[in-house]
Amino acid sequence: SAFSSCSGLRSVTIGNSVTSIGDGAFQYCSGLIETLTIPNSVVSIGYQAFKDCPYLSFVTIGNSVTTIGDYAFAGCSGLIETLIIPNSVTTIGDYAFASCSGLRSVTIGNSVTSIGRYAFLDCSGLTEVTSLITEPQSISYGSNIFLSVDISAATLKVPSGSLAAYKAAPEWSGFGNIVAIP
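Scoring rules and cut-offs
Residues numbered from 1 in each chain as written. Predicted model: local features only at pLDDT ≥ 70, side-chain atom pairs only at ≥ 80, totals over all residues. Heavy atoms only, no water. Core = buried A, V, L, I, M, F, W, Y, C linked by side-chain atoms within 4.5 Å. Buried < 20%, exposed > 50% of the residue type's maximum accessible area, 1.4 Å probe, protein only. Helix = DSSP H or I, 4+ residues; strand = E, 2+ residues; numbered from the N terminus. Contact = heavy atoms within 4.5 Å. Pairing = 2+ DSSP bridges. Axes fitted to C-alpha atoms, helices over the stretch in contact; angles between N-to-C directions. Polar contact = N/O pair within 3.5 Å; in protein donor to acceptor, adjacent residues only side chain to side chain. Right-handed = clockwise from strand over helix to strand, strands pointing away.

A.B. asks: Which residues make up the nonpolar core, and what are the values?
C.D. replies: Counting 55 residues, the largest nonpolar core has Ile45, Phe50, Ile68, Phe73 and Trp172 as its most contacted members. The set of elements that each furnish at least two residues to this core consists of strand S2 (36-38), strand S4 (59-61), strand S6 (82-85), strand S8 (105-108) and strand S12 (155-159). Apart from the residues lying within four places of it in its own chain, the contact partners of Ile68 are Ile45, Ile61, Phe73, Ile85, Val89, Thr91, Ile92, Gly93, Ala96 and Phe97. Counting residues in hydrophobic clusters, the runner-up holds 5 residues, among them Ala74, Ala98, Tyr118 and Leu121.

A.B. asks: Describe the sheet that holds S8, and please don't skip the residues or the numbers.
C.D. replies: Spatial strand order, S6-S8-S10-S12-S13: 5 strands in an open sheet with parallel pairing. Strand pairing shows two members of the sheet lacking a second neighbour, S6 and strand S13 (177-181), which therefore form its edges. This sheet shows a mean twist of 15 degrees between the axes of neighbouring strands, independent of strand direction. Note that S6 and S8 share 4 bridges and pair parallel. Bridge assignment links Ile84 to a residue of S8, and that residue is Thr107.

A.B. asks: So what's going on with the sheet that holds strand S9 (residues 114-115)? Which residues, and what values?
C.D. replies: Spatial ordering of the open sheet is given by S1-S3-S5-S7-S9-S11, a layout of 6 strands whose pairing is parallel. The strands lining the two open edges of the sheet, one partner per strand, are strand S1 (20-21) and strand S11 (140-141). Bridge count for strand S3 (residues 44-45) against strand S5 (residues 67-68) is 2 bridges, and the pairing is parallel. Paired with Ile45 across the bridge in S5 is Ile68.

A.B. asks: So what's going on with the side chain of Ser88? Which residues, and what values?
C.D. replies: With respect to the helices and strands, the residue Ser88 is situated in the loop between S6 and strand S7 (91-92). Polar contacts involving the side chain of Ser88 include one to the main-chain carbonyl oxygen of Val65, which spans 2.6 Å. Non-local contacts of Ser88, meaning those with residues more than four positions away in its chain, are made with Gly62, Asn63, Ser64, Val65 and Thr66.

A.B. asks: With reference to specific residues and values, describe unusual backbone geometry.
C.D. replies: For Ser99, which is not glycine, the phi torsion reads 65 degrees and is therefore positive. In this fold, Ser99 is placed in the loop between S7 and S8.

A.B. asks: Could you give an account of the pairing of S12, with specific residues and numbers?
C.D. replies: In terms of burial, S12 is largely enclosed, as 4 of its 5 residues are buried. Strand direction decides the pairing type here: strand S10 (residues 128-131) and S12, joined by 3 bridges, are parallel. Bridge pairing in S12 links Val129 to Leu156. Traced from S12 through helix H1 (residues 163-168) to S13, the parallel crossover comes out right-handed.

Purely spatial values, then, with no claim about function.
What follows is the structure, encoded as structure tokens:
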């Protein structure tokens, strides 16, 4: 909770020697409005690390991050554009991106082995998800990963050899349009 509730904090630069962003490090920093780049040196993003930073607009997650903790970006309603979860990530925690209502598009890297409960709860602006996971049935899923998201009106893009598996997987089959990545 190093910078928790620093409402006057406007921007953050995370140095290339940082390997972990701890639990609650920047939670409730309501003034944080800049682009956030998590460098390639970071391996884990802790529990509630950036929770309730409502004006945080753009997040780039470095290519060494393996774990995105529970509630890590929950309540970051200002997130817009595309969020890319890199291929290095294996775990997306419970409620990790819950209530990111401005989020429009998400790409999930191919190394993810676990997606937590309600990971994308109430991401009401979400219209496109690209999943690079080739075997969706081998993933550990928490309940209701897309609860309160109208996935019936959203597009899911998946690897071409995995199209049938996604259409059969309960966590993904509700998408209105499931298409193969060319």
